[in-house]
Amino acid sequence: MAGGNERSMKALKEVWRRAENSLCADCGKPDPDWASSTLGVFICLSCSGIHRNIPSISKVKSLKMDHWDDAQVQFLAKHGNAVTKATYEAHIPIYYYQPTYNDCQVLREQWIRAKYERKEFTKPGKQLPYSDGVKEGILWKRGRDNGQFLPRKFFLSEREGCLKYFTKQDAKEPKINVKIDVINATFQPVKIGNPNGLQITYLKDNKTRNIFVYHESGKEVVDWFNAIRSVQFHYLKVAFPIASDNEIKNRLTRNFLKEGYMEKTGPKQREAFKKRWFTLDHRRLMYFKDPLDAFAKGEVFVGSRENGYSVQKGLPSGTQGNFSWHYGLTIVTPDREYLFTCETETDQLDWIAAFTSIINQAMTPQEYASKCLDAVSFPS
């Protein structure tokens, strides 16, 4: 019996060591140490918890702590991540957002359920709830002034190239009507205080406007997210006919590079530093008094190094403003310097890394045009 166990463990380790099984099949996290004995995939601990919630589809076991019999090991050897992905990920629409281990629970759960439970990507041309070019339904939206979440009707249309919402079910005119190419959407469960919280942003008069929504159903809110990406993709295919699919995919919704609190001072650099919430959305650095504000109190364009932008650790000598946080950084632009302080050194280094990643990128023609349109503003 012991010899049989040893043979099974040796065979299991051989399958486990295959290059294809070195990353989680669902989120890409390195060194997965769990597997599904019914699907034949190697997964991480976090994804195994999601699999455990669909026991009719997936039975999960630890590769280190649980016993695997010969038949189960043979099943893993016959399948593995590559074979299983070839079946369950055969026809993923290019616009569909495939989450990583850095993404929130609702995105990862619905990705796993879409693959294995609903089998959305096993056959070509399958009608999907986010691929129709139109979507209509209720989302709970946070009020701009009172902060209450109320049901609002949203309407997304590829033909019209826009997203609308209405304050009343029978309203004839929308409260907003936003062109699809100026919209971004990113999941923000912690900020919004709901596991299905979605932040929709768009440009209004070249300034960013935030809308915070959620839906009780994780599937529904992720369907809305992918419907926005679908409509954007097809809209941009028409607008940029010579662009490749991957180039267009890279222009769809994006996560913010960095968010969090810093202290800032005014343009004279003698005022007291004030704690504010900052969002770095590619080349736009915005700050808010509250993370759920509809509009930023100020924005600044972050250009490239070759155009005179840089980030420096610390504050200029002789800085006069009073500040309670002591890990400073300075953004240098052709027009002025912007001074910030962070609560911890880790925050400071993370912000510097985020700014550096943007400043080291060459600016595109569209970004030059955006800079010219920006009324760069960063009041106190």
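Up top you'll find the structure we're talking about.
Because the structure is a prediction, the values reported are computed rather than measured. (Residues numbered from 1 in each chain as written. Predicted model: local features only at pLDDT ≥ 70, side-chain atom pairs only at ≥ 80, totals over all residues. Heavy atoms only, no water.)

Mind laying out helix α9 (residues 345-359), listing which residues take part and the relevant values?
The end-to-end C-alpha distance of α9, which contains 15 residues, comes to 21 Å, matching closely the 21 Å that a straight helix rising 1.5 Å per residue would cover. Where α9 is buried, its residues meet β11 (258-264), β12 (274-281), β13 (284-288), β15 (310-313), β16 (327-332) and β17 (337-342). (Helix = DSSP H or I, 4+ residues; strand = E, 2+ residues; numbered from the N terminus. Expected span 1.5 Å × (residues − 1). Contact = heavy atoms within 4.5 Å.)

Describe the sheet that holds β17, listing the residues and the values that go with them.
Ordered by their spatial adjacency, seven strands build an open sheet running β14-β13-β12-β11-β17-β16-β15, and the pairing between neighbours is antiparallel. Pairing within the sheet leaves two strands with one partner each, and these edge strands are β14 (298-301) and β15. Pairs of neighbouring strands in the sheet enclose a mean axial angle of 35°, with direction left out of account. Bridge count for β16 against β17 is six bridges, and the pairing is antiparallel. The partner of I331 across the bridge, within β17, is Y338. Relative to the sheet, α9 contacts β11, β12, β13, β15, β16 and β17, its axis offset from that of β15 by approximately 160°. (Pairing = 2+ DSSP bridges. Axes fitted to C-alpha atoms, helices over the stretch in contact; angles between N-to-C directions.)

Quick rundown of the environment of D70? Include the residues and the values.
You can see D70 is positioned in helix α3 (residues 70-78). You can call D70 partly exposed: its relative accessible area is 41%. Distance from D70 to A11, taken between C-alpha atoms, is 8.7 Å for residues 59 residues apart in sequence. (Buried < 20%, exposed > 50% of the residue type's maximum accessible area, 1.4 Å probe, protein only.)

Explain the side chain of K135 to me, using residue names and the numbers behind them.
Here K135 shows up in strand β4 (residues 134-142). A distance of 3.2 Å separates polar atoms of two side chains, one belonging to K135 and the other to E220. (Polar contact = N/O pair within 3.5 Å; in protein donor to acceptor, adjacent residues only side chain to side chain.)

So what's going on with the layout of surface pockets? Residues and values would help.
Approximately 400 Å³ is the volume found for the second largest pocket. Looking at the second largest pocket, it is lined by 15 residues, and the ones nearest its centre are N102, T186, F187, Q188 and E259. For the lining of the second largest pocket, the secondary-structure elements that each account for two or more residues are β8 (183-187), α6 (189-192) and β11. In terms of residue class, the lining of the second largest pocket is built from six nonpolar, five polar and four charged. (1 Å grid on protein atoms, 1.4 Å probe; cavity = no way out; pocket = protein on both sides within 12 Å on 5 of 7 lines; lining within 4 Å. Points joined across faces, edges and corners; volume = space filled by probe spheres on them. Nonpolar A, V, L, I, M, F, W, Y, C, P; charged D, E, K, R; others polar.)

Lay out empty space enclosed by the protein with the relevant residues and their values.
Tallied over the entire structure, the rule returns four cavities of 30 Å³ or more. By volume, the largest cavity amounts to about 50 Å³. Residue lining of the largest cavity: K141, R142, G143, R144, R209, N210, I211, F212, L292 and A294, and that is the complete set. At the level of elements, β4 and β10 (207-214) are the ones that each hand at least two residues to the lining of the largest cavity. Here the lining of the largest cavity gets four residues from one element, more than from any other, and that element is β10. Residues belonging to the lining of the largest cavity are distributed by class as follows: four nonpolar, two polar and four charged.

Explain the side chain of D26 to me, using residue names and the numbers behind them.
Tracing the sequence through the fold places D26 in the loop between α1 (2-16) and β1 (34-36). Exposure remark for D26: the relative accessible area of 4% places this residue in the buried category. Here the side chain of D26 touches H51 through a polar contact of 2.7 Å, side chain to side chain. Within the structure, the side chain of D26 is placed 2.7 Å from the side chain of Y116, a separation counted as a polar contact. In this structure, D26 is in contact with I43, C47, H51, P99, W111, I112, K115 and Y116, ignoring residues within four places of it in sequence.

Which residues make up the packing of helix α5 (residues 105-117) against helix α7 (residues 218-239), and what values go with them?
Following both chains from N to C, one finds α5 and α7 inclined at 90°, their axes separated by 10 Å at the closest point. On the basis of the axis angle, α5 is roughly perpendicular to α7. Within the contact between the two elements, α5 uses V106, L107 and Q110 and α7 uses G218, K219, V221, V222 and F225. Of the residues contributing to the contact of α5 with α7, the split by class is five nonpolar, two polar and one charged. (Parallel < 35°, antiparallel > 145°, perpendicular 65-115°, else oblique.)

How would you explain the environment of W351 if you had to name every residue and give the values?
Inspection of the secondary structure assignment puts W351 in helix α9. The buried category is assigned to W351, whose relative accessible area is 1%. Counting along the chain gives 105 residues from W351 to N246, while the straight-line C-alpha distance between them is 29 Å. Apart from residues lying up to four places away in sequence, W351 is in contact with K258, E259, G260, Y261, M262, F278, L280, L285, L329 and C342.

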